[in-house]
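# Coordinate inspection notes
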Amino acid sequence: MALVTIKRNSPQHIAVRVLGVLLVVIAVLWVPTKMTTGNIDSMTNALALVIAASALNLVIGYTGLISIGHSAFFGIGSYATGVLVSKYGWGHGWSMIFGALLAFVFGFIVALPALRIKGIYLALVTLAVAVLFPTMMKWPKLEWLTNGARGISGIRYEELPSLPFLGELKGRDDRTVFFYWYAIMLVIITVLVCRGIVKSRMGRALIAIRDNEIGAEVMGVNLATTKTLVFGVSAALTSLAGSLSVARTGVVTADGANLTLIGSIVFLVVMVVGGAATITGPIIGALVYVWVDNYTRTASASGEGLIGWLFDWSAVSPASIILSVALIVLMFVAPDGVFGLVRRLARRVVVIK
Amino acid sequence: MDLLKVDGVTVEFGGIVALSGLTFNVQQGDICGLIGPNGAGKTTVFNVLSRIYEPTQGSVTFDGVDLLGVEAHDIAKLGIGRTFQNLALFPSMSLLENVMVGAHSKGRVGFVRAITRFGVRREDRQLRETSMALLEAFGLAQLAAHPAAGLPFGTLKRVEIARALAAKPKFVLLDEPASGLTHSEVDELADTLVRVRSEFNLTMLLVEHHMSMVMKVSDKIVVMEFGRKIAEGTPAEVRDNPEVIRAYLGTDA
Ligand SMILES: Nc1ncnc2c1ncn2[C@@H]1O[C@H](COP(=O)(O)OP(=O)(O)OP(=O)(O)O)[C@@H](O)[C@H]1O
Ligand SMILES: [Mg+2]
């Protein structure tokens, strides 16, 4: 039994929610004002993962369609921004919108097999997409567009529009702080889109498809349009993360981690570790991922402590190894992820009725 | 007036003939019982009517519409609801949400409106009220927030009926709604079905192995065996039909 019971929409409930929002706002403002430049950059990186994992959550977490091809949609956004900004002089915003539209179309097409096949077979099709994408980008026949294996670098970034209340925050490092806010804006868009879909007739239809496809269809859910559209929306959101990352680093190569199969796996791990089929889960998952990534990277580089002893041989960050092990453990103790675990523990103290 | 006309419908699975030339009609406003021994093809009839199985021959007309030209997800829009013999609920959703999905075909909010939140709250509020009223009618209101997973089979059978009624159908197909219920609950269900029929102005096709219940509520009964119709008539006629007695009690009876 819970210690405290709060009625839904009672003053207490509203107070708790206002407090929650306030804490998030404080945290969001705290990062660019108080953190070091390097840490702000890590946060922006985490925010890109929030976008990709939230988008993937729509497809896997809510609809139950397995995709390990989302790195390709990340790549579409990356290349759209890279090519259009550096070669055709587009602004970042427009390149991002173009990338999202392109990714939507591709997502729609990739989902077509999902109308006939499921589970492991769909996973294999999306796996093929993930493997094909970097190869395509390195294809000599496309070199005029993609620069082949060299990739595109030196992509300029636009100045932060000089909004009065941001002037103060720009203080230390324009570029880093700019992209942090850029990322926050895109995260807000992503969360609003995901939340909007989930808390509606369409969101219930997605879960219905996941839980019982025949049941959903008999209730009138059009499986074909629902699956293809949610895949398209998810792909478009994922491409935003790609555009953001390219804007931040100024570089895009076909072998960039998030553009290859590794990226798909990272999005998946972030989603599952945080908590699938929740809005908050991917946000927590991404923060955990980037924190573990940074922590282990420094620890293994310095060779100190347990992490250092374990991983000093590893050239890359051992985060993916650690998180993979964490994932296995988590599947036993909390299949609903970190957020699910926290929520279950919180319900022992407070229940909202 | 005949609401449903099934004419010469044949369904085959590889070599197995699940339905062979099945023909029967259901009158508007009737409760039509559909009975027969295990494997007779009753559930197959339901799956033909909800466009899950494609017949190799025959035609089905519902309310003047050629049903075989309609896609499975548009069946609900025509006014046909159904329940499933082995349940097709959404286990992770609450009972309330399950019933809300039942009204999917009546809803208007698509992806664009969901994302822009245009009219979403209003649709959800109305839907929540009507769904809650349905749960109440089936004595499930206190379980509204409970996920469907983990509830007893008999309870879930009732949730399925509530869900099937959520879209305000003209015609409902009930596949063994009384399975998993105790004797008194079966009686209660029979009363509920008769009440719901007049309240919602429904026509029903009822598959059930509880003979006393079928005999009590049905206006007409169709009896099947091996994918064919072997008898048809009022409960009294069917009960005394030697073919039916033979099918149920074996060859010597
Ligand atoms: N999808 C399928 N694939 C192959 N055979 C099937 C399929 N569905 C039904 N059958 C076969 O068709 C016949 C009729 O099955 P059906 O489920 O319609 O019977 P039923 O009258 O509902 O029986 P019960 O009273 O046991 O529910 C059976 O022989 C069954 O094995
Ligand atoms: Mg059956």
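Residues numbered from 1 in each chain as written. Chains lettered and ligands numbered in written order. Predicted model: local features only at pLDDT ≥ 70, side-chain atom pairs only at ≥ 80, totals over all residues. Heavy atoms only, no water.

## Considerations on the overall build of chain A
What chain A contains, in helices and strands, is 16 helices and 2 strands. For 353 residues, the compact-globule estimate of 2.2 N^0.38 gives 20 Å, and chain A sits close to it at 21 Å. With respect to the three principal axes, the spread of C-alpha positions in chain A is 60 × 50 × 50 Å. Going through the 353 residues of chain A one by one, you find that 51% of them count as buried. Long-range contacts, defined as pairs at least 24 residues apart, comprise 75% of the intrachain contacts of chain A with a sequence gap of at least 6. When the 27 positive and 15 negative side-chain charges of chain A are each reduced to one mean point, those points stand 12 Å apart. (Helix = DSSP H or I, 4+ residues; strand = E, 2+ residues; numbered from the N terminus. Rg over C-alpha atoms; globule rule 2.2 N^0.38 Å. Buried < 20%, exposed > 50% of the residue type's maximum accessible area, 1.4 Å probe, protein only. Contact = heavy atoms within 4.5 Å. Lys, Arg positive; Asp, Glu negative; His and termini not counted. Charge placed at Lys NZ, Arg CZ, Asp CG, Glu CD.)

## Observations concerning the overall build of chain B
Of the regular secondary structure elements, chain B holds 10 helices and 10 strands. Overall, the C-alpha framework of chain B stretches about 65 × 40 × 35 Å when taken along its three principal axes. Residues counted as buried form 53% of the 253 residues belonging to chain B. Contacts in chain B between residues far apart in sequence, at least 24 positions, make up 66% of those at least 6 positions apart. When the accessible surface of chain B is summed, it comes to about 11200 Å², and 52% of that surface belongs to carbon and sulfur atoms. Mean positive and mean negative side-chain charge positions of chain B (26 and 30 charges, respectively) differ by 8 Å. (Areas by Shrake-Rupley, 256 points an atom, 1.4 Å probe, with all protein chains shown as cover.)

## A word on the sheet that holds strand β5 (residues 65-66) of chain B
Residue and element names in this part refer to chain B. On the basis of which strands lie adjacent, the open sheet formed by 4 strands has the order β2-β1-β4-β5 and antiparallel pairing. Looking at strand neighbours, the two that pair on one side only are β2 (16-27) and β5, the edges of this open sheet. Direction of pairing for strand β1 (residues 2-13) relative to strand β4 (residues 57-62): antiparallel, over a ladder of 5 bridges. Its bridge partner being in β4, K5 is matched across the sheet by T61. (Pairing = 2+ DSSP bridges.)

## Quick word on the pairing of β2(B)
Residue and element names in this part refer to chain B. Where β1 meets β2, 8 bridges bridge the pair, whose relative direction is antiparallel. Among the inter-strand pairings, E12 is bridged to a residue of β2, identified as V17. If you look at the hairpin formed by β1 and β2, you'll find 2 residues sitting between the two strands, and G14 has a positive phi there, around 60 degrees.

## Let's talk about the packing of helix α3 (residues 70-88) of chain A against helix α4 (residues 92-111) of chain A
Residue and element names in this part refer to chain A. At a minimum axis separation of 8 Å, α3 and α4 run at an interaxial angle of 145 degrees. Here α3 runs over α4; the crossing is right-handed. Contacts from F73, I76, A80, T81, L84 and V85 in α3 reach H92, S95, M96, F98, G99, L102, A103, F106, G107 and V110 in α4. (Axes fitted to C-alpha atoms, helices over the stretch in contact; angles between N-to-C directions. Left-handed = near helix turned anticlockwise from the far one by under 90°.)

## With respect to a nonpolar patch on the surface
All names here are of chain A. A cluster of nonpolar side chains, namely Y88, W90, W94, I97, F98, L101, L102, F106 and W144, defines an oily patch on the protein surface of about 1000 Å² accessible area. Here the element with the most residues in the nonpolar patch is α4; it accounts for 6 residues. Examined against the element boundaries, L101 turns out to sit in helix α4. (Patch = residues over 30% accessible without salt bridge, like charges linked within 9 Å, V, L, I, M, F, W, Y side chains within 5 Å. Salt bridge = Lys/Arg side-chain N within 4 Å of Asp/Glu carboxyl O.)

## Some details on helix α1 (residues 11-34) of chain A
In this model, α1(A) (24 residues) spans 33 Å end to end at C-alpha, consistent with the 34 Å of a helix rising 1.5 Å per residue. Of the positions making up α1(A), those classed as buried are H13(A), V31(A) and P32(A). (Expected span 1.5 Å × (residues − 1).)

## A closer look at the nonpolar core
Core analysis: the largest hydrophobic core is formed by 98 residues, its most contacted members being L49(A), L58(A), Y79(A), Y180(A), Y182(A) and L237(A). Ignoring anything within four residues of it in the chain, the contact list for L237(A) reads I51(A), A55(A), L58(A), T190(A), V193(A) and C194(A). Ranked by size, the runner-up nonpolar core spans 36 residues in total, among them L135(B), A144(B), I161(B) and V186(B). (Core = buried A, V, L, I, M, F, W, Y, C linked by side-chain atoms within 4.5 Å.)

## So, the coordination of the magnesium ion (ligand 2)
Residue and element names in this part refer to chain B. Around the magnesium ion (ligand 2), the protein contributes the donor atoms T43 (OG1) and Q85 (OE1), which lie 1.9 to 2.0 Å from the metal centre. With T43 in helix α1 (residues 42-49) and Q85 in the loop between β6 (80-82) and α3 (95-102), this pair connects stretches of sequence that are 42 residues apart. What makes Q85 partly exposed here is its relative accessible area of 26%. (Donors = N, O, S within 2.8 Å, 3.2 Å for Na, K, Ca; no water.)

## Description of helix α15 (residues 319-333) of chain A
Residue and element names in this part refer to chain A. Compared with the 21 Å implied by 1.5 Å per residue over 15 residues, the 20 Å span of α15 between its first and last C-alpha is a close match. Taken together, the buried positions of α15 are A319, L323 and L330. One side of α15 carries all its buried residues, which in axial view fall inside an arc of 20 degrees. Counted as exposed and oriented over 90 degrees from the buried face of α15: I328 and F332. (Arc of directions from axis to C-beta.)

## Topic: the confidence of the model for chain B
All names here are of chain B. Confidence along chain B averages 94 in pLDDT terms, with 99% of residues attaining 70 or more. Of all secondary-structure elements in chain B, the lowest mean pLDDT belongs to helix α10 (residues 242-249), at 85, while α3 reaches the highest, 98. Two summary scores accompany this predicted model of the complex, namely pTM at 0.93 and ipTM at 0.95. (pLDDT = per-residue confidence, 0-100.)

## Quick word on the packing of aromatic side chains
Describing an aromatic ring pair means giving the distance of the ring centres and the angle of the ring planes. All names here are of chain A. On inspection of all chains with the given rule, the structure shows 11 aromatic pairs over all chains. Between F178 and Y182, the aromatic rings sit 5.6 Å apart at their centres with planes inclined by 40 degrees, giving tilted as the arrangement. Placement of both F178 and Y182 in helix α8 (residues 174-198) is noted, with a separation of 4 residues, approximately one turn of the helix. A connected cluster of aromatic rings, assembled from ring pairs, spans F178, F179 and Y182. (Phe/Tyr/Trp six-rings, centres within 6.5 Å; stacked < 30°, edge-to-face > 60°.)

## A word on the confidence of the model for chain A
For chain A, the mean per-residue pLDDT works out to 87, and 92% of the residues sit at or above 70. Per-element confidence in chain A ranges from a low mean pLDDT of 50 for helix α7 (residues 164-170) of chain A to a high of 98 for helix α9 (residues 201-211) of chain A.

## Observations concerning the side chain of T146(A)
Here T146(A) is to be found in helix α6 (residues 143-146). Beyond its immediate stretch of four places on either side in the chain, T146(A) contacts Y79(A), K87(A), M137(A), G151(A) and I152(A).

## Describing the site of ligand 1
Residues and elements named next belong to chain B. Ligand 1 sits among 13 residues. The nearest are N38, K42, T43, T44 and Q85. In the model, an oxygen atom of ligand 1 is placed 2.7 Å from a nitrogen or oxygen of the T43 side chain. A distance of 2.9 Å separates a nitrogen atom of ligand 1 from a polar atom in the side chain of Y53. For ligand 1, the accessible surface in isolation is 630 Å², of which the surrounding protein chains cover 67%. Sorting elements by how many residues they give to the shell around ligand 1 places α1 first, with 3 residues. A per-class count over the shell around ligand 1 returns 4 nonpolar, 7 polar and 2 charged. (Near = heavy atom within 4 Å. Polar contact = N/O pair within 3.5 Å; in protein donor to acceptor, adjacent residues only side chain to side chain. Nonpolar A, V, L, I, M, F, W, Y, C, P; charged D, E, K, R; others polar.)

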